[in-house]
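Chains, contacts and geometry: an overview
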Amino acid sequence: MRNLSLVIFGLALFLPIPTMSGGEFKLESGFSLLFTGKNLDGWREKGSKTTLEGKTEAFKGRFKVANGVLVYDPKVGGDRYIETTKDFGKDVTFKFDFKAGPKCNNDILFRGTKFDIVPDKGETKEVKEGVWYTFELIATGNKVEHKINGKTVRGPRDTKAKSGPLVLRAEFGAIEIKNIRVKE
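Residues numbered from 1 in each chain as written. Predicted model: local features only at pLDDT ≥ 70, side-chain atom pairs only at ≥ 80, totals over all residues. Heavy atoms only, no water.

1. Quick word on the nonpolar core
Our working rule: The criterion is simple. A nonpolar core is a set of buried Ala, Val, Leu, Ile, Met, Phe, Trp, Tyr and Cys residues joined through side-chain atoms within 4.5 Å. Categorising residues by exposure relies on relative accessible area from a 1.4 Å probe, with only protein chains included: less than 20% of the type maximum marks a residue as buried, more than 50% marks it as exposed, and the intermediate range marks it as partly exposed. The helix count covers DSSP runs of H or I at least four residues long, the strand count covers runs of E at least two residues long, and both are numbered beginning at the N terminus. Note on definitions: a residue-residue contact is assigned when non-hydrogen atoms from the two residues lie within 4.5 Å.
With 36 residues, the main nonpolar core has Trp43, Leu70, Phe94, Phe98, Ile108, Leu168 and Ile180 as its most contacted residues. Among the elements that make up this core, the one with the highest residue count is strand β8 (residues 92–100) (five residues). In this structure isoleucine 108 touches Phe96, Thr113, Lys114, Phe115, Ile117, Phe135, Leu137, Leu166, Val167 and Leu168, once residues within four positions along its chain are discounted.

Following this line, the structure appears as structure tokens:
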């Protein structure tokens with residue numbers, strides 16, 4: 001019996017261990033994808049009327065789709081923005097997974113609010129480089145709340161705008177984003 005236990009223990013050492021960022025992504029009930037991981041359909045360069053339909057990059061590669069992920073390439077300079085082609089009003093929830101890279105200081109903007117993703121600082125002081133996290137932005141009425149991994153990092157704040165697009169800003173450093181989704 002003891003030998004059998006040792007054999008089972010030995011085999012268990014070689015079994016894969018599931019991780020939070022591994023495995024198949026499953027879309028939550030009521031949510032729809034805003035980013036498929038294939039291209040930038042449903043997005044445009046901020047302020048432009050021309051969409052990024054069928055394209056896999058914006059601003060000469062500052063934003064690019066690679067292996068199902070939206071990558072902000074810091075080697076391509078510039079403070080750049082992309083936004084959804086759709087404006088979102090009323091109550092809405094956005095979710096996405098992100099992994100901050102070196103010197104990350106990038107923003108999420110919605111209805112006049114700006115949220116900075118800067119590892120180890122401010123509201124993202126618990127965010128570490130190279131680790132996947134789930135970001136959630138919840139707009140209820142005229143209030144916007146931000147969560148990371150289910151924990152509120154910025155309580156509800158008033159906003160005057162009643163609708164608008166979700167805006168992603170590539171300011172400094174690297175970040176990867178995937179599974180951008182919305183529930184209206």
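And the narrative resumes.
2. Regarding the pattern of salt bridges
Let me state the cut-off plainly: The salt bridge definition used is simple: a Lys or Arg side-chain nitrogen within 4 Å of an Asp or Glu carboxyl oxygen.
For the structure shown, the criterion picks out 16 salt bridges. Close ionic contact of aspartate 107 with arginine 169 constitutes a salt bridge, the shortest N to O distance being 2.8 Å. With aspartate 107 in strand β9 (residues 105–110) and arginine 169 in strand β15 (residues 167–172), this pair connects stretches of sequence that are 62 residues apart. The pair aspartate 107 / arginine 169 is uniform in exposure class, with both members buried. Arginine 157 serves as the salt-bridge partner of glutamate 123, at 3.7 Å between the closest nitrogen and oxygen. Here glutamate 123, found in the loop between β10 (113–117) and β11 (132–140), pairs with arginine 157, found in strand β13 (residues 151–158); they are 34 residues apart in sequence, far enough to count as distant. Within the structure, one salt-bridge network assembled from shared partners comprises Glu28, Lys95, Asp97 and Arg181.

3. A short note on the environment of arginine 44
Our working definition: Definition of a polar contact: a pair of N or O atoms within 3.5 Å, with one able to donate and the other able to accept a hydrogen when the atoms are protein atoms, and with sequence-neighbouring residues admitted only if both atoms are side-chain atoms.
Examined against the element boundaries, arginine 44 turns out to sit in strand β2 (residues 43–45). Separated by 42 residues in sequence, arginine 44 and lysine 86 place their C-alpha atoms 9.8 Å apart. Those residues in contact with arginine 44, other than ones at most four positions away along the chain, are Thr50, Thr51, Leu52, Ile82, Glu83, Thr84 and Thr85. Here the side chain of arginine 44 touches glutamate 83 through a polar contact of 2.8 Å, side chain to side chain.

4. Here we look at a nonpolar patch on the surface
So the rule is basically this: In this scheme, patches are assembled from residues that exceed 30% relative accessible area and form no salt bridge. Like charges are connected within 9 Å, while nonpolar side chains (Val, Leu, Ile, Met, Phe, Trp, Tyr) are connected within 5 Å. Surface accessibility in these figures is a Shrake-Rupley result with a 1.4 Å probe; residues are shielded only by whichever protein chains are displayed.
A surface patch of nonpolar side chains, about 240 Å² in accessible area, is lined by Phe25, Leu27 and Leu33. Counting through the fold element by element, leucine 33 comes out in strand β1 (residues 32–33).

5. Digging into the packing of aromatic side chains
Put simply, the rule is: Centre distance within 6.5 Å is the pairing criterion for rings of Phe, Tyr and Trp, where only the six-membered ring of Trp is used; planes under 30 degrees apart are then read as stacked, over 60 as edge-to-face, and the remainder as tilted. Here, a charge over a ring means that NZ of Lys or CZ of Arg falls within 6 Å of the ring centre while also lying within 35 degrees of the ring normal.
Summed over the entire model, instances satisfying the criterion amount to eight aromatic pairs. Summarising the aromatic geometry, the rings of phenylalanine 88 and phenylalanine 94 are spaced 5.1 Å apart at their centres and angled 90 degrees between planes, so their arrangement reads as edge-to-face. Pair check on accessibility: phenylalanine 88 and phenylalanine 94 agree, each one buried. Centroid distance phenylalanine 115 to phenylalanine 135: 5.2 Å. Interplanar angle 55 degrees. Geometry classified as tilted. Of this pair, phenylalanine 115 sits in strand β10 while phenylalanine 135 sits in strand β11, and the two are 20 residues apart along the sequence. The residues phenylalanine 115 and phenylalanine 135 share a single accessibility class, namely buried. Feature note: the residues Phe96, Phe98, Phe115, Tyr133 and Phe135 constitute an aromatic cluster, connected by ring pairs. Over the ring of tyrosine 81 we find lysine 46; its NZ or CZ atom is 5.7 Å from the centre of that ring. The ring of tryptophan 132 carries lysine 178 above its face, with NZ or CZ at 4.2 Å from the centroid.

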